[in-house]
Amino acid sequence: MVEDGRSEFRRSYHRMVARRVLFILGCAVLCLLVMAYAVTLGPYPVSMSEVYGIIWDAIINMPYDDADAAHVVIDLRLPRILGAIVCGFALAVCGTAMQSLLKNPLADPYTMGISSGAGFGAALAFIAGIELVFGGGVVLNAFIFAMIPTIIILFMSRFRRATPTMMILCGTSLMYLFNALTQLFMIVADPDDLSTVYKWMVGTLEDIGYGDLLIIVVVAAAGSVIVQVLANRLNVMGSGDEGAKTLGINIDTERLLILILITVVAATVVSFTGIIGFVGLVAPHVARIIVGSDNKYLVPAAGIFGALLLLLADIASRLLTDMILPVGVVTACIGGPIFMYLILRSSKEAWT
Amino acid sequence: MTRLEVSGLTFGYGSEPLLEDVSFTLDRPELVCVIGPNGVGKTTLVKCMNKILKPWSGSILLDGEDVRSMSLMGLARRMAFVPNRIDSVFRTTVAEMVLMGRFPHSEWATSDHDLDVAEEALEATGLEGLSHRDINELSSGQMQKVLIARGLAQEPDVLILDEPTSNLDVKHQMEVMGFLREYAASRGVIVLMVCHDLNLTAAFADRVLIVHDKGIAADGKVWDVMTEENIMRAYGVGSRVIDADGRPHVILLPEVRG
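The written sequence of each chain sets the order in which its residues are numbered from 1. Think of it this way: whatever chain is written first is A, whatever ligand is written first is 1, and the rest follow in order. It should be noted that, the model being predicted, local features are given only for residues of pLDDT at least 70 and side-chain atom pairs only at 80 or more, the latter also being counted only at that level, while totals for whole chains, interfaces and linings use all residues.

Participant: I keep staring at the overall build of chain A and nothing clicks. Help me out?
Facilitator: Helix and strand counts for chain A stand at 14 helices and zero strands. Listing each helix as α and each strand as β along chain A from the N terminus yields α-α-α-α-α-α-α-α-α-α-α-α-α-α. Radius of gyration: over C-alpha atoms. The globule rule applied is 2.2 Å multiplied by the number of residues raised to the 0.38 power. Relative to a compact globule of 352 residues, whose C-alpha radius of gyration would be 20 Å, chain A shows 21 Å and is just as compact. Its C-alpha atoms give chain A principal-axis dimensions of roughly 70 × 50 × 40 Å. Residues classed as buried in chain A amount to 49% of the 352 residues present. We count a stretch as a helix when DSSP gives it H or I for four or more residues in a row; a strand needs E for two or more, and each element gets its number in order from the N terminus. Around each residue's C-beta, the other C-beta atoms within 10 Å are counted; 20 or more make the residue buried, 12 or fewer make it exposed, and counts in between make it partly exposed. All C-beta atoms are placed from the backbone.

Next up, the structure:
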């Protein structure tokens, strides 16, 4: 009888794993379908068969029948759609890892000051014309300033033990500081620069090109794979510092190392897109309500949900209006209500 | 048999040492209880042994190897720690928490062997029906059992527990203490626990250490250590120790003061 009971536990565990994997695959398929539909959407009329003809021609390197339509699909629509998926995925993975790492449900690239740092770096380039790296422009400025909160945390950890609370307070206070400095710059900026900075501050996928996309994809893929490999480690780290130590994790050092890794990924994304808030915070929580807190399943689930959220937000921002509606605004507008609905609806407390 | 040797251990949080030149050896598979008044350094002592805290001086040898030179992962495969409580921010199921105990043995994948070990730990602590419950919904006593199960799933040679019975009712206290004593003997594991309950210690411990005045004030079998003089010296309270079915039983006497 004991043997039977044992296999029952094993069976129920495998059943649960299967359910989670199925959910993740389902979301991935949904994401692909939305993506396939999204390329056919837009103010310029291109039929669905034409769109896929164009993409197929691009893949096999054939000349286009209709150059205008090809321009719209290949240069305008596809980069945004791919950008939305990759950036949404990467930001959500970063948020998930940060929340486990810092044992804080509010941790994400925004509250850790990464996004605000990038915003300030960009403002510096747009308004004052200051480039930290000659020829590096907005992107490198943004990247360097996005890394600053983590660098300061690293520096502080040399003098005292870097606890999760210290890290998140440090990140949040730098977020306020960077935001204030950016506001200060915006007061003195001339109107043209101001609208560029403003657009950047709320995040946009409009300006992403294939070159940018390649960099983001490489960094995001590498980062996501590493986070996935570390998933069990993150689980243990989330269960308390002393427990983690006695389960074999050198918690203080490893927390800093993983934080650096996540910061590089998040900083790369926001350097190209500007500040897209909310995906990194909301996607992990939504995924957590559905697949639970085991990072082995949570990381991919949150990533795919983040990709889907940003993709839908971008579709909305392309279709709803003729004026420029930055995707960051839409993410918050869609994500906020979804989030609140899920908080109210979930009978169990997902976080306490 | 595993041998754990603490010698010349000195540690303090400020400039004054809390523990000074503490030495003792554990080399038998038995239940060892560490008792002593509040703030005397019982928990500190055990946390110095598993590298949570770094001793000022002295050494802890596990089978002759200094734990300082062992990796945390290497130590975690041999020595488990059951904290008194943990704060879990996110929803974690009992099964997930117990499976974390397998982390030092199989870092990424969860094998069928891991599941078997985890299930055995759940059965040993009477948690089998709760395996898919969120730990944040459990009572503090059930939570303590989950942490014990996680320690068991680690399959250690040395199991260290920090007041594992503090939130349990009397029935479950007795069950857990009886289980730990039996587990030590049957698995050949050294079980070292910090305990606050004198009578629970007296009823179940194979060996008792009293921590008092920066060091070990008494060390030995229950009848030798749980005496009226030792209790007066360590706690400053009067007591009478009687024989209850062959085990000492401490009756505290409020009017007698040291």
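Participant: So what exactly am I meant to see when it comes to the overall build of chain B here?
Facilitator: Of the regular secondary structure elements, chain B holds nine helices and 12 strands. In terms of overall size, chain B behaves like a compact globule, its C-alpha atoms giving a radius of gyration of 18 Å where 258 residues would be expected to give roughly 18 Å. Taking the principal axes of its C-alpha atoms as reference, chain B extends roughly 55 × 40 × 35 Å. Distance between backbone-placed C-beta atoms decides contact: two residues are in contact if it is within 7 Å. The long-range fraction of contacts in chain B, counting pairs at least 24 apart against all pairs at least 6 apart in sequence, stands at 64%.

Participant: It is not clear to me how unusual backbone geometry should be interpreted in this structure. Could you clarify?
Facilitator: A negative phi angle is the norm for most residues apart from glycine, just as the trans form is the norm for most peptide bonds. Phi is positive for Phe278(A), which is not a glycine, with a value near 80°. Within the secondary structure layout, Phe278(A) lies in the loop between α11 (251-273) and α12 (279-291). Among the residues examined, Phe278(A) registers 25 C-beta atoms within 10 Å and is labelled buried. Although it is not a glycine, Asp21(B) adopts a positive phi angle of roughly 50°. Tracing the backbone through its elements, the reader meets Asp21(B) in strand β2 (residues 19-26).

Participant: Even after reading the chapter, I still don't get the pairing of strand β8 (residues 190-194) of chain B, so can you show me in this structure?
Facilitator: Regular strands show a simple pattern: their side chains alternate between the two faces of the sheet. Residues and elements named next belong to chain B. For β8, the buried fraction is high: five of the five residues fall into the buried class. Burial along β8 is two-sided: Ile 190, Leu 192 and Val 194 facing one way and Val 191 and Met 193 facing the other are all buried. Sheet analysis places strand β3 (residues 31-35) next to β8, joined by four bridges and oriented parallel. By the bridge assignment, Leu 31 is partnered in β8 with Val 191. Two strands make a pair as long as DSSP finds a minimum of two bridges between them. As judged from the five bridges shared by strand β7 (residues 158-162) and β8, these two strands associate in the parallel manner. Across the sheet, residue Leu 161 finds its bridge partner in β8, namely Met 193. As a crossover connection, the stretch from β7 through helix α6 (residues 170-187) into β8 is right-handed. Orienting the strands away from the viewer, one traces the path from the first strand over the helix to the second; a clockwise path indicates a right-handed crossover.

Participant: Which parts of the structure should I look at to understand the sheet that holds β7(B)?
Facilitator: Residue and element names in this part refer to chain B. With respect to topology, six strands assemble into an open sheet ordered β6-β7-β8-β3-β9-β10, the strand pairing being mixed. What marks the edges here is a single partner per strand, and that holds for β6 (79-82) and β10 (215-220). Strand-to-strand twist of the sheet, defined as the mean angle between neighbouring strand axes without regard to direction, takes the value 15°. Axis angles are defined between N-to-C directions and span 0 to 180 degrees, where every axis is a line fitted to C-alpha atoms and, for a helix, only to the segment in contact.

Participant: Just to check I follow, could you spell out helix α4 (residues 112-124) of chain B for this structure?
Facilitator: In an α-helix there are 3.6 residues to a turn, and that puts residues three or four apart on one side. To estimate the expected span of a helix, subtract one from its residue number and multiply by 1.5 Å. The terminal C-alpha atoms of α4(B), which comprises 13 residues, lie 18 Å apart, in line with the 18 Å expected from a rise of 1.5 Å per residue. Leu115(B), Val117(B), Ala118(B), Glu119(B), Ala121(B) and Leu122(B) are the residues of α4(B) that are buried.

Participant: Can you help me understand the nonpolar core in this one?
Facilitator: If you look at the biggest cluster of nonpolar residues, it comprises 184 residues, and the most contacted ones within it are Phe305(A), Leu311(A) and Val98(B). At 19 residues, the largest contribution of residues to this core is made by helix α3 (residues 67-102) of chain A. Discounting chain neighbours no more than four positions away, the residues touching Leu311(A) are Cys31(A), Val34(A), Met35(A), Ala38(A), Ile81(A), Ala84(A), Ile85(A) and Gly88(A). When buried Ala, Val, Leu, Ile, Met, Phe, Trp, Tyr and Cys residues are joined through C-beta atoms within 7 Å, the set is termed a nonpolar core.

Participant: How do you make sense of the pairing of β10(B) when you look at a structure like this?
Facilitator: Judged from the five bridges that link them, strand β9 (residues 207-212) of chain B and β10(B) form a sheet pairing that is antiparallel. Paired with Ile210(B) across the two strands is Ala218(B), which belongs to β10(B).

Participant: How should I be thinking about the packing of α3(A) against helix α8 (residues 210-229) of chain A in this particular structure?
Facilitator: Any two packed helices are characterised by how steeply their axes cross, that is the angle between the axes, and by the distance between the axes. All names here are of chain A. Contact geometry of α3 with α8 gives a least axis separation of 10 Å together with a crossing angle of 30°. Classified by the interaxial angle, the pair formed by α3 and α8 is roughly parallel. By crossing handedness, the relation of α3 to α8 is classed as left-handed. Residues Pro 79, Leu 82, Gly 83, Val 86, Cys 87, Phe 89, Ala 90, Val 93 and Ala 97 of α3 form the contact with α8, whose participating residues are Tyr 210, Leu 213, Ile 216, Val 217, Ala 220, Gly 223, Ser 224 and Val 227. Only Asp, Glu, Lys and Arg are considered charged, only Ala, Val, Leu, Ile, Met, Phe, Trp, Tyr, Cys and Pro nonpolar, and every remaining residue, Gly among them, polar. In terms of residue class, the contact of α3 with α8 is built from 14 nonpolar, three polar and no charged. Note on terminology: angles under 35 degrees are roughly parallel, angles over 145 are roughly antiparallel, angles of 65 to 115 are roughly perpendicular, and the others are oblique. Note: crossing handedness is left-handed where the near helix turns anticlockwise from the far helix by less than a right angle, and right-handed where it turns clockwise.

Participant: Teacher, can you tell me more about the sheet that holds β2(B) here?
Facilitator: Hydrogen bonds between backbone atoms are what pair the strands of a sheet, whose relative direction is either parallel or antiparallel. Residues and elements named next belong to chain B. Pairing is antiparallel across the open sheet formed by four strands, whose spatial order is β2-β1-β4-β5. Unpaired on one side and paired on the other, β2 and β5 (65-66) mark the two borders of the sheet. Across the sheet, helix α1 (residues 42-49) touches β1 (4-11), β2 and β4 (57-62), and the angle it forms with β1 is around 120°.

Participant: Would you take a moment to explain the interface of chain A and chain B for this structure?
Facilitator: Accessible area lost on assembly of the parts is the figure often given for the size of an interface. With 31 residues of chain A in contact, the opposing surface of chain B contributes 32 residues. Elements supplying a minimum of two residues to the side of chain A that touches chain B: α1 (2-38), α9 (231-238) and α10 (241-246) of chain A. When the residues that make up the side of chain A that touches chain B are grouped by side-chain class, the tally is nine nonpolar, 13 polar and nine charged.

Participant: When you look at the confidence of the model for chain B in this model, what are you seeing that I'm missing?
Facilitator: The predicted structure's coordinates, where accompanied by low pLDDT, should not be read in detail. Confidence in the prediction for chain B averages 91 pLDDT; 98% of positions are at 70 or higher. As a predicted assembly, this complex carries a pTM of 0.89 together with an ipTM value of 0.88. In predicted models, pLDDT denotes the confidence assigned by the predictor to each residue on a 0 to 100 scale.

Participant: Is there a simple way to explain α9(A) in this structure?
Facilitator: Residues and elements named next belong to chain A. The element α9 is largely enclosed, with a buried count of eight among its eight residues. Listed as buried for α9 are Ala 231, Asn 232, Arg 233, Leu 234, Asn 235, Val 236, Met 237 and Gly 238. Of the surrounding secondary structure, the elements contacted by the buried residues of α9 are α3, α8, α10, α11 and α13 (295-319). With its phi angle positive at about 115°, Gly 240 sits one or two positions after the end of α9.

Participant: What's the story with the packing of α3(A) against α11(A) in this structure? I'm lost.
Facilitator: Residue and element names in this part refer to chain A. Two elements in contact, α3 and α11, have axes separated by 10 Å at closest approach and are oriented at 150°. As the angle between them shows, α3 and α11 are arranged roughly antiparallel. Crossing handedness for the pair α3 and α11: left-handed. For the pair α3 and α11, the contacting residues are Cys 87, Ala 90, Leu 91, Cys 94, Ala 97, Met 98 and Leu 101 in the first and Arg 255, Ile 258, Leu 259, Ile 262, Val 265, Ala 266, Val 269 and Thr 273 in the second.

Participant: In this structure, what is going on with the environment of Leu312(A)? I would like to understand it.
Facilitator: Residues and elements named next belong to chain A. Relative to the helices and strands, Leu 312 resides in helix α13. Exposure remark for Leu 312: the 20 C-beta atoms within 10 Å place this residue in the buried category. Once the C-alpha coordinates of Leu 312 and Ala 125 are considered, the two residues, 187 residues apart in sequence, prove to be 30 Å apart. With residues near it in sequence (within four places) discarded, Leu 312 still touches Val 34 and Ile 334.

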